[in-house]
Each structure stands twice: as C-alpha cells, then as structure tokens.
Amino acid sequence: MKKILLSVLMIGSAVYASAQWYHEPTPNDTLKSVRQMTDGSAVFSIYAPQAQKVSVAGDIFSMNPKTEKADNGVWTITIPDMQAGAFRYHFVVDGVNVYDPIAPEAKETSAVAIIGQGDEFFRMKDVPHGAIAQRYYYSKNLKTTRRLHVWTPAGYEKSSESLPVLYLIHGGGDTDNAWSGVGCAGNILDNLLAGGKMRPMIVVMPNGSIDTPSLEEEVPLFEEDLVQSIIPFIENNYRVVADKEHRAMAGLSMGGMETLETMLKDYEKFCYFWVLSSGWFANNQEAYANYAKQLNAMASDFNKGVKQLVFTMGGPEDIAYNNCKAMLKLFDGAGIKYEYQEAPGGHTWHTWRNNLYELAQKIF
C-alpha cells in the first residue's frame, strides 16, 4: 500500500502507474489469503465485510472447518491437519464461487472482453501463429527465481535463423503476462508477420514488477535484473543475434521508467528504445539535475550508436503527459536526437496496443 500511495503522490494524480484507480485502504491490502500454521492446519482468509456466509471449496475438504468473521470484515476458515500438496481452491461467498482476489495468480484469471467489429489488428486471425512460452530464470541480483513470457514467431522451431530481440515491459501493477494477455501482443505480432509488415524477431516480456517500498528502488533493480540475468538467459536459450544492433527495448508507464533507466546505464547494449506513456517526475529537482548531467555526458556516443529513440504519448489526457513534456526539455538541452509521437487514447491499453503495432514495424 505504501508503494501505491507513493506512486500516486509522485505522479500528481489519483491514478497508479498502470492506470488503476487509487482506493481507500482496507484490510485486504495487507491480507495473506493462505497461511500454513505450525500445528499442521491451514488458514484461508478473504475480505468480505458485507457477506453473510463464507466457506472454502475445491480440492480442500474438511468435516470440521472453523469459520470466523472478524470485526474488520475478514473471514478466516481454518482447515485442520492439512497434508503437504498442491490444492485447487476457491471461496464461496453467499453461494457464489469467488476466486481468491489477492492470490498471485488472480490477475491471470481476469476475464478480457474483446470489443470491436472483428477485423482489428489485435484480433486472432487465420494466420500462422507463433508460440508464447512461460520461462523461469534465476535472478542474480534479486536472488530468486522469476518468470517471463517469450513470443517466438511461427516456424521458429524448424528454422535455424538467429533473430533480433525486443524486450517489452508492462506498466506498474501488472506482471509479465500483461502484454500477452490484455495487450494482445501475440495476435498483433502474428498478424504483422503474416502480412509481411515486420521482421521476424523474438519478443521477451519480463516481469518488471518487484516488491519494493518505492518506485525509485524498483526501477534500478529491474535494470540490473535485465542486464545481469534476463538478457543472458535469453541469449543462452534462444537463437538470437547477440549484439546491440539486434536488441530493442520498449516499456509503458513504469516500464517506460525502466526503459529510461536502462537507456542511461546501458545504451551501448541497444540500438532501439521506445518509451511509451512515461517520463521522469518533474517535481524532483535533484533527480532532474542528475538526469541532465548524465544525458549531457552520453549525448555524443548515444547519437552515434542508437538508431531509434521514440517517445509516445496517449494525448494530453495521458497522465504521464506533463512529465514527458518536461523531461524532453532535458533531451533537447543535451542535443540527444529522438522522435516524439502523440495519439488519442490516454494512459490505457488502447494506446499501448497501437504503440506495439507501430514499433514492431519500425525496429530492426
């Protein structure tokens, strides 16, 4: 909760980086829904202050569960003598099956409504389809196993060609399944490739979210994870061209901040940067001065070595609009070359799907 509140204050809006609305704190913000107790029991909890009856169901069965409702609206169901294992479960709230809203997998079970006429560029169409794989790697700096998604183009399995790589980062509050889910990245890339509008490439969608107290801590940690662990993992496990001319990075909102951080520290490793709906926070004068110093120091080498630096905004209604406009003055002052694009859509996936559609056709 502290992290969400800080991000809201920094951006000067009641909206978090992924365009999720800020809400009043509740017990749900710090609730742990599944706890294993030392006596061998397991406790399942859900925040449902208006509910009259709550139970837990699925692979979990007990003749004598202990159910309690606290004054703060949290229900707890204690199941005694739980054996070691993996169990599917859901809550039953006043007769309605409810999947655990705070489980790590909760975002991945969200329904996605596809609205339109049926021929949109992000629709699944009758074209050859690539594969989207979930891969796990060990993060050296975070000292834990993390997940990422990788799109490989149709025919990759039978090909011997080495391909360029786009590292595509989601926004705050999301995980590595966002681009392949609500972002429709697989469909967009399949359709572009089938139409001969983009070069075959591998698209890596890492998890840019890291559990830290603040965005300032999270962003540099991801940059370290990307350079130290993610890129080596991809280049050791996929047929890629492992040089800067064949690496691109794009990120939206918080992922745009992570793209900027990587650009400052590792621009010699990439030839393409796209920063979507993002910008440094204009109210931090000390940080701004440091950014200006870094940009001035790297400007000459950057202009010689980076083929594309593109900033995109979802129009003036984009909550990062003012931050981006202020930030670009630093790039202008340093003489760094870039392209700026603006289109209606605000700080939403409508904008970012269009961004992917365009950038995939322009890189490499």
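Residues numbered from 1 in each chain as written. Predicted model: local features only at pLDDT ≥ 70, side-chain atom pairs only at ≥ 80, totals over all residues. Heavy atoms only, no water.

Q: Would you mind going over the sheet that holds strand S4 (residues 66-69) with me for this structure?
A: Note: strands within a sheet are paired through backbone hydrogen bonds, in either parallel or antiparallel orientation. On the basis of which strands lie adjacent, the open sheet formed by four strands has the order S1-S2-S5-S4 and antiparallel pairing. Pairing within the sheet leaves two strands with one partner each, and these edge strands are strand S1 (34-36) and S4. When strand polarity is set aside, the average angle formed by the axes of neighbouring strands in this sheet is 20°. Bridge count between S1 and strand S2 (residues 42-47): three bridges; the pairing is antiparallel. Its bridge partner being in S2, Gln36 is matched across the sheet by Ala42. (Pairing = 2+ DSSP bridges. Helix = DSSP H or I, 4+ residues; strand = E, 2+ residues; numbered from the N terminus. Axes fitted to C-alpha atoms, helices over the stretch in contact; angles between N-to-C directions.)

Q: Would you take a moment to explain the packing of helix H2 (residues 185-194) against helix H7 (residues 349-362) for this structure?
A: Two numbers describe how H2 lies on H7: the axes approach to 10 Å, and their chain directions differ by 35°. Once H2 is placed against H7, the crossing between them reads as right-handed. Residues Ala185, Ile188, Leu189 and Leu192 of H2 touch H7, and the partners they reach there are Arg353, Leu356, Tyr357, Ala360 and Gln361. Per-class residue counts for the contact of H2 with H7 are seven nonpolar, one polar and one charged. (Left-handed = near helix turned anticlockwise from the far one by under 90°. Contact = heavy atoms within 4.5 Å. Nonpolar A, V, L, I, M, F, W, Y, C, P; charged D, E, K, R; others polar.)

Q: Can you walk me through unusual backbone geometry in this structure?
A: For residues besides glycine, phi is generally negative; the peptide bonds are generally trans as well. Not every positive phi belongs to a glycine, and Asp81 is a case in point at roughly 55°. Using a relative accessible area of 66% as the deciding quantity, one classes Asp81 as exposed. With a phi angle near 50°, Ser253 is a residue other than glycine that sits in the positive phi range. (Buried < 20%, exposed > 50% of the residue type's maximum accessible area, 1.4 Å probe, protein only.)

Q: Sorry, what's going on with the packing of aromatic side chains here?
A: Aromatic ring pairs are described here by two measures, namely the spacing of the ring centres and the angle between the planes. The full count for this structure, using the stated rule, is 18 aromatic pairs. On the basis of an interplanar angle of 40° and a centroid distance of 6.4 Å, the ring pair of Tyr156 and Tyr238 is categorised as tilted. Within this pair, whereas Tyr156 is found in the loop between strand S9 (144-152) and strand S10 (165-169), its partner Tyr238 is found in the loop between helix H3 (215-237) and strand S12 (247-252), the two being separated by 82 residues in sequence. Given a relative accessible area of 12%, Tyr238 falls into the buried group. Here the aromatic cluster, defined as three or more aromatic residues joined through ring pairs, consists of Tyr167, Tyr267, Phe270, Phe273 and Phe302. The side chain of Arg239 reaches across the aromatic face of Tyr156, ending 4.2 Å from its centre. Just above the ring of Phe122 sits the side chain of Arg353; from NZ or CZ to the centre is 5.3 Å. (Phe/Tyr/Trp six-rings, centres within 6.5 Å; stacked < 30°, edge-to-face > 60°. Lys NZ or Arg CZ within 6 Å of the ring centre and 35° of its normal.)

Q: Just checking my understanding: could you explain H2 for this structure?
A: Residues spaced three or four apart along an α-helix point in a common direction, a consequence of the helix completing one turn every 3.6 residues. Extensive coverage of H2 is indicated by the burial of eight of its ten residues. Here the buried face of H2 lies against strand S8 (131-139), S9, strand S11 (202-206) and H7. Looking one or two residues past H2, Gly196 carries a phi angle of roughly 70°, positive in sign.

Q: Got a minute to help me understand the pairing of S4 in this structure?
A: As paired strands, S4 and strand S5 (residues 74-79) are joined by four bridges and run antiparallel to one another. Note on S5: the bridge partner recorded for Lys69 is Trp75. Counted between consecutive antiparallel strands, the loop separating S4 from S5 contains four residues, among which Gly73 sits at a positive phi close to 90°.

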